[in-house]
Amino acid sequence: MEKENSLLDQARRAFFGKVAAAAAVTVAPGMVLYQVAQAKPAAEKVTDKVRWGMLINTTKCADGCDACVTACETEYGWGPESEPLSAPNQRAQWIRKVKLTDKATGYAQTLPLMCQHCEIPPCVDVCPTGASMKRVDGIVLVDKHICIGCRYCMMACPYKARSFVHENLTDQNVNAPRGKGTVESCTMCVQRVDNDGIPACVEACNAENHNAMFFGDLNDPQSEISIELAKNGGEQIRGDLGLNTGVRYQGI
Amino acid sequence: MSLRQFSQKLVLVAAGLLLALPMYAGEVPSPVVPKAKAKANEEFGCVEPVTEMRKNHMKFILHQRDDTMYKGIRTSKYALAECINCHVSPEQNGTYASYDEEEHFCNACHTYAAVNIDCFGCHRDTPEEASLGQASTDKSDPYHKDFAFNKNSSVPKKNVDALSSGGAE
Amino acid sequence: MKKITFSVIEGRSGGYLALLGILGAFILGALGATYYMEHNGHHVTGMNNQIVWGTPHVFAVFLIVAASGALNVASISSVFNKTAYKPLARLSGLLSLALLTGGLLVLVLDLGRPDRLIVAMTYYNFKSIFAWNIILYNGFFVIVGVYLWMMMERRMNKYTHAAGVTAFVWRLVLTTGTGSIFGFLVARQAYDAALMAPMFIVMSFSYGLAIFLLVTMAAYKWTDRPFGDALFSRLKNLLGVFVAGVLYFVMVFHLTNLYATEHHGVEAFLLRDGAIYTQLFWIGQVLLGSLLPLLLFYHPTWGKSRTLVGLGALLVVIGGLIQMYVIIIGGQAYPLEMFPGKEVSSSFSDGVINSYAPSLPEVVLGMGGIAIALIIVVLAVKVLGFLPNSLADEDVDPHHKAS
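Overview of the structure. Every residue gets a number counted from 1 within its own chain, in the order that chain's sequence is written. Here the convention is simple: chains get letters from A, ligands get numbers from 1, in the order in which they are written. Local features in a predicted model are, by the rule used here, given only for residues with pLDDT of at least 70; side-chain atom pairs are given and counted only at 80 or more, and totals for whole chains, interfaces and linings are based on all residues. Values reported for side chains reflect all heavy atoms of the structure, with hydrogen atoms and water molecules removed beforehand.

Some thoughts on the packing of helix α7 (residues 160-183) of chain C against helix α8 (residues 196-222) of chain C
All names here are of chain C.
Next, step 1: Inter-axis angles, ranging from 0 to 180 degrees, are taken between N-to-C directions of lines fitted to C-alpha atoms, where helices are fitted over the stretch in contact. Only DSSP runs of H or I reaching four residues or more are called helices, and only runs of E reaching two or more are called strands; each is numbered from the N terminus. α8 packs onto α7 with a crossing angle of 125 degrees between their chain directions and a minimal axis gap of 7 Å. When the interaxial angle is binned, α7 and α8 end up oblique. Once α7 is placed against α8, the crossing between them reads as right-handed. Between α7, through Arg171, Leu172, Thr175, Thr176, Thr178, Gly179, Ser180, Phe182 and Gly183, and α8, the contact on the second element is made entirely by Met196, Ala197, Phe200, Ile201, Ser204 and Phe205.
Next, step 2: Under the grouping applied here, Gly and all other residues not named as nonpolar or charged are polar, the nonpolar ones being Ala, Val, Leu, Ile, Met, Phe, Trp, Tyr, Cys and Pro and the charged ones Asp, Glu, Lys and Arg. The residue inventory of the contact of α7 with α8, partitioned by class, reads seven nonpolar, seven polar and one charged. Any angle between 65 and 115 degrees counts as roughly perpendicular, while under 35 counts as roughly parallel, over 145 as roughly antiparallel, and the rest as oblique. If you view the pair so one helix is near and one far, a crossing is left-handed when the near helix is turned anticlockwise from the far one by less than a right angle, and right-handed when it is turned clockwise. Whether two residues are in contact is decided by their heavy atoms, any of which lying within 4.5 Å being enough.

Okay, structure coming up:
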């Protein structure tokens, strides 16, 4: 019975998703229309039928623009003001802009780098307590309730995506419980996604009219992200490790 | 045990009782718990009967915690953010007590009972005035209603005052 | 060969109390440092989001590795039936437990949330080598504890061999686990090598025996008990073999990396361009920590001097700590290789050599771990008969010929 319901619900959500996507293309870019689409009932479990992912077109990512980073800082309250006592290299960064210059040709580009939400995440493998974990829909999170602050996940992450909180924090954002002595990273805006929203960074990139970031369900061949990936491809950073990352890049 | 040893012990016990007496002479001290902003539910007061909440609030919160963390279930009934939103009410000057102050709803009892909790190292201990996101996505939540976290900023101050002096627990 | 007799030390001399006082002061310092770090958060330490394991880990991993190695003498006696080592088997077991205690305390007290130790003991992710290590450490305490009991309780002596074999296998697995903490880090250029596990085992032989030799020498000198040349010389020669073994593994490790072009960056950093890490490697680890001790141990006249051999063992210990520093901190200082062929820059120290400076509380915590290990030994030898009354050649060596 429960299974039937969730299948029905899948179909319903997929339908509304398409309507929203179509509307987004014709009316205006942005996430507002996603939110008016039918939200997941709050009491419903997330499902492994979806795998959330992101596609970043680095050719559209503007040098000097850090709208995605600022949006993430605002949404979750990290940044220099939240950790005044820590040295710059001790402060958390959930997402950062990285500048690449080809040593041979001088070709320069920038891209946002954050947790890549691997299918087989090394951070989850090494975590002694299981605090580092992957939800069934592919989002990699830290359960800070059982994180002991050993930092082994930070040693294991190929992307240096995780940060350790070095000092006492107060007045955290309600959406971002974070505190001294535990490890944290990009959550792919899990509370927005659970409410059928899109991540703050993607929203900010669209608002700047750069449209360099796509968010969507990698398991759904009809999703915008899957269509774009099928058409123009997308690379994994450190694809040699075979981690099948949920975040893909074009133009690297 | 010799008689001498026994009598020594007896004296000690008597002295102990005498010393302890003044504690029972006055009233038993009890924690001063701030009133909630509202009744979440006309029937119970809180989301469960008050006696049940006093005894088992941690079980509800803990269960909700894991449901949200691992399964993405975001109902607001037992959400910690809603507890804070309703129970941590503004003081006279409009500011909120933080967890390390004894006026804080949680701290009032927890200090009294000497039970250490590990919530507020990470979680916000006061209501968030300017709601940035959606802690609660539960559109059909029969509890909390207008006082739910998302709409927190829309609660008029006089309304809060009226309720604080009322019977809400 | 006479029958070996054990006795507790008197432990009333001014020297003994002074030793307790000094070690106690180090432990108090470590507790203070821990409180300071945990109260303020790790921003008061040298660690950061690039170098996440700092000086406490250098001490902790060193002590944990050395703990396994301190069991050498007991293993040689019980597993390989070398009777000459038998008198020292008890001390060997005691020292290994003490070193493991010291190392684990440092490791735990440097956690972001040491108050959640109970979580580490109750939640296990069995794909994590770290979780396996927690089980291996706890098991080590139990197994070596039982092993000591078998050795020290006459009725149980017949099980000593079985317990010794179990402890021997367990500690090899344990150090394999410790080395694999680094060996399994697939994304890091400086780690990610199967060789880490056997290299750590040989390192444990070397560090553990060096500490054991120093502790034995001190104990016998300060209690005026005889320590014969034959046994001393056997221990010294064995230590020399282990030191050379470590050097061999280090050489193979770097040669293999040097052959693979993808590792040229990290190797150039560690061996040539890494400033402090390069100096620590060549001067600290190779010259002072390996070559000089080998010279001291095997030189025809220097090798007979207790002082110089003791100095050699001390250099092995210091060289071991330096080696850990190069492996743990030097390995993290080299930036992660994410975009081959590209120059990388960002606000999060991408593409640059990461900086780390040890802070005082971190060093004090690490020293406290050593002090805890030593104070356990110092107290235990006063309470139970760990030390044989005599290690004179005629008392311990079955092949000793009276001259």
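Alright, that's what it looks like, and here's the rest.
Regarding the interface of chain A and chain C
Next, step 1: Across the boundary between the two partners, chain A contributes 54 residues, which contact 56 residues of chain C.
Next, step 2: Summed over both partners, the accessible surface that disappears when two parts come together, traced with a 1.4 Å probe, is what is meant by buried area. Here chain A packs against chain C, burying approximately 4600 Å² in sum over the two surfaces, 55% of which is carbon and sulfur.
Next, step 3: Area buried by chain A at its contact with chain C is led by Tyr152(A), Met155(A) and Lys160(A), which between them contribute 17% of it.
Next, step 4: Definition used for salt bridges: Asp or Glu carboxyl oxygen within 4 Å of a side-chain nitrogen of Lys or Arg. Taken together, the connections running from chain A to chain C amount to four salt bridges.
Next, step 5: The closest approach of N and O atoms between Asp102(A) and Lys342(C), which form a salt bridge, is 3.7 Å.
Next, step 6: Nitrogen and oxygen atoms within 3.5 Å of one another constitute a polar contact, given that in protein one can donate a hydrogen and the other can accept it, and given that sequence-neighbouring residues count only through two side-chain atoms. The tally of links between chain A and chain C comes to 40 residue pairs in polar contact (both at pLDDT 80 or more).
Next, step 7: Counting residues per element, the side of chain A that touches chain C draws most heavily on strand β2 (residues 95-102) of chain A, at seven residues.
Next, step 8: Classifying every residue of the side of chain A that touches chain C gives 25 nonpolar, 15 polar and 14 charged.
Next, step 9: Any two strands with at least two DSSP bridges between them are considered paired. The pairing of β2(A) with strand β2 (residues 342-346) of chain C spans five bridges and is classified as antiparallel. Bridge pairing links Asp102(A) to Lys342(C) in β2(C).

A look at the packing of aromatic side chains
Given two aromatic rings, their pairing is described by the distance between the two centres and the angle made by the two planes.
Next, step 1: Any two rings among Phe, Tyr and Trp, with Trp reduced to its six-membered ring, count as a pair given centres within 6.5 Å; such a pair is stacked if its planes are under 30 degrees apart, edge-to-face if over 60, and tilted if neither. Applying the stated criterion to the full structure yields 22 aromatic pairs over all chains.
Next, step 2: Ring centres of Tyr152(A) and Phe130(C) lie 5.1 Å apart, and the angle between their planes is 55 degrees; on these two criteria the pair is classed as tilted. Of this pair, Tyr152(A) sits in helix α5 (residues 152-156) while Phe130(C) is found in helix α6 (residues 129-152), placing the two residues in two different chains. Across the pair, exposure class does not vary: Tyr152(A) and Phe130(C) are buried alike. The cut-offs for exposure are 20% and 50% of the maximum accessible area for each residue type, with area from a 1.4 Å probe on protein chains only; residues under the lower value are buried, those over the upper are exposed, and the others partly exposed.

Concerning the interface of chain A and chain B
Next, step 1: If you look at the interface, chain A gives 33 residues, while chain B gives 25 residues.
Next, step 2: Summed over both partners, the interface of chain A with chain B buries about 2400 Å², with 53% contributed by carbon and sulfur atoms.
Next, step 3: Area buried by chain A at its contact with chain B is led by Ala42(A), His145(A) and Val174(A), which between them contribute 26% of it.
Next, step 4: Residue Asp194(A) is joined to Arg74(B) by a salt bridge in which the shortest nitrogen-to-oxygen separation is 2.6 Å.
Next, step 5: Along the contact surface separating chain A from chain B lie 11 residue pairs in polar contact (both at pLDDT 80 or more).
Next, step 6: Mapped by element, the contributors of at least two residues to the side of chain A that touches chain B are β5 (140-142) and α6 (190-193) of chain A.
Next, step 7: Counting residues per element, the side of chain A that touches chain B draws most heavily on α6(A), which supplies three residues.
Next, step 8: Looking at the side of chain A that touches chain B residue by residue, the classes come out as 11 nonpolar, 11 polar and 11 charged.

Shape is all these values report; function is a separate question.
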